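# Working through the structure, step by step
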Amino acid sequence: MSDEQLAYRATTEEACAWLAERTGSPWSLARMIEAGITPYVWLDYDASRPEMFGDANGGYAAPIFFEGDTTRLAQGSADVLITMTKDVHQLVVKLEAPGLRRALHELRFLRKDVEKLARPVVAAKPVPAAESKVGINADQVLAAFGAMVRIDLAAALAAGEGIFGDEGARIKGSARKGKSKTMWHPVTLALGLNDMYRVPLPRLSKAFQSHDVLYDWARDWELSLSLLRN
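What counts, and at which threshold
- Residues numbered from 1 in each chain as written.
- Predicted model: local features only at pLDDT ≥ 70, side-chain atom pairs only at ≥ 80, totals over all residues.
- Heavy atoms only, no water.
- pLDDT = per-residue confidence, 0-100.
- Contact = heavy atoms within 4.5 Å.
- Helix = DSSP H or I, 4+ residues; strand = E, 2+ residues; numbered from the N terminus.
- Buried < 20%, exposed > 50% of the residue type's maximum accessible area, 1.4 Å probe, protein only.
- Polar contact = N/O pair within 3.5 Å; in protein donor to acceptor, adjacent residues only side chain to side chain.
- Axes fitted to C-alpha atoms, helices over the stretch in contact; angles between N-to-C directions.
- Parallel < 35°, antiparallel > 145°, perpendicular 65-115°, else oblique.
- Left-handed = near helix turned anticlockwise from the far one by under 90°.
- Nonpolar A, V, L, I, M, F, W, Y, C, P; charged D, E, K, R; others polar.
- Core = buried A, V, L, I, M, F, W, Y, C linked by side-chain atoms within 4.5 Å.

Scored by pLDDT, the protein chain has a mean of 80; 82% of the residues are at 70 or more. Considering only residues more than four positions removed or in separate chains, one finds that residues 121-133, a stretch of pLDDT under 50, has 23 contacts.

Here it is, written out as structure tokens:
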């Protein structure tokens, strides 16, 4: 495959083989997901869900980004379970239980996403965020980001420190009523996790898409990413 271009929508086997040749190390579905890539499956038009398909009467490629769904894949599930995805207009859709099931061989990965995994990791410089009186608490921080870092994030939060020095991601003045009342700016925190602890940006982006508590911050996160790319 070294002399062939990767397919626009590559299978798991094609993506892993391509990455192995270019990075010199073995890749698996679990490793790709851990690195933050988004899998897709093709959904044929379903007349029982017309709102998902809009004018795409032939179907569309639906992303699998919800943490529960991707974790299941990374842990070696026998099939694909989709409980949340995006419709053809890129709006988040929560599917009624039990969700949609597809075979593992139906997974596809976008060429541009696979190519990003072969590039060296470059730490991004955090973008200063405007001071805010609204944030998320320690339990919410741990639920969204705790599994992404090797440091004891719970201990760092319990200490009430800014984590990245000075105020860091801590909402100014939020700890005056006690460390347990400390609030954190999720966008600033995520940028710091990328800069100092090399958490991949795609994985952080997935957190803003898959955790309800971060939905209100998703637009700010995308704006910060656009500023980083300029």
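What follows concerns the side chain of His185. Tracing the backbone shows His185 in the loop between α7 (153-158) and α8 (186-197). On the basis of relative accessibility, which here comes to 9%, the residue His185 falls in the buried class. A distance of 3.3 Å separates the side chain of His185 from the backbone nitrogen of Val187, its partner in a polar contact.

What follows is about the packing of α8 against helix α9 (residues 201-210). Here α8 crosses α9 at 160 degrees, and the two axes come no closer than 10 Å. Looking at the two axes, α8 sits roughly antiparallel to α9. Handedness of the crossing formed by α8 with α9: right-handed. In this structure, α8 uses Pro186, Val187, Ala190, Leu193 and Asn194 to contact α9, whose residues at the interface are Leu201, Leu204 and Phe208. Its residues placed into classes, the contact of α8 with α9 shows seven nonpolar, one polar and no charged.

When you line up the elements, Trp18 lands in helix α1 (residues 12-23). The class of Trp18 is buried, set by a relative accessible area of 8%. Once the C-alpha coordinates of Trp18 and Ala118 are considered, the two residues, 100 residues apart in sequence, prove to be 9.1 Å apart.

For the rest of this paragraph, the subject is the nonpolar core. Side chains of a nonpolar character, in soluble globular proteins, are inclined to be buried together. Counting 29 residues, the largest nonpolar core has Met32, Leu43, Leu107, Phe109 and Val114 as its most contacted members. Secondary structure elements with two or more residues in this core: α1, α2 (29-34), β2 (40-43), α3 (50-53), β3 (60-63), β4 (79-82) and α5 (111-117). When residues in this core are grouped by element, the largest group, four residues, is from α1. In this view, Phe109 contacts Tyr8, Arg9, Ala10, Thr11, Thr12, Ala15, Leu29, Met32, Ile37, Thr38, Pro39 and Val114; residues no more than four positions away in its chain are not counted.

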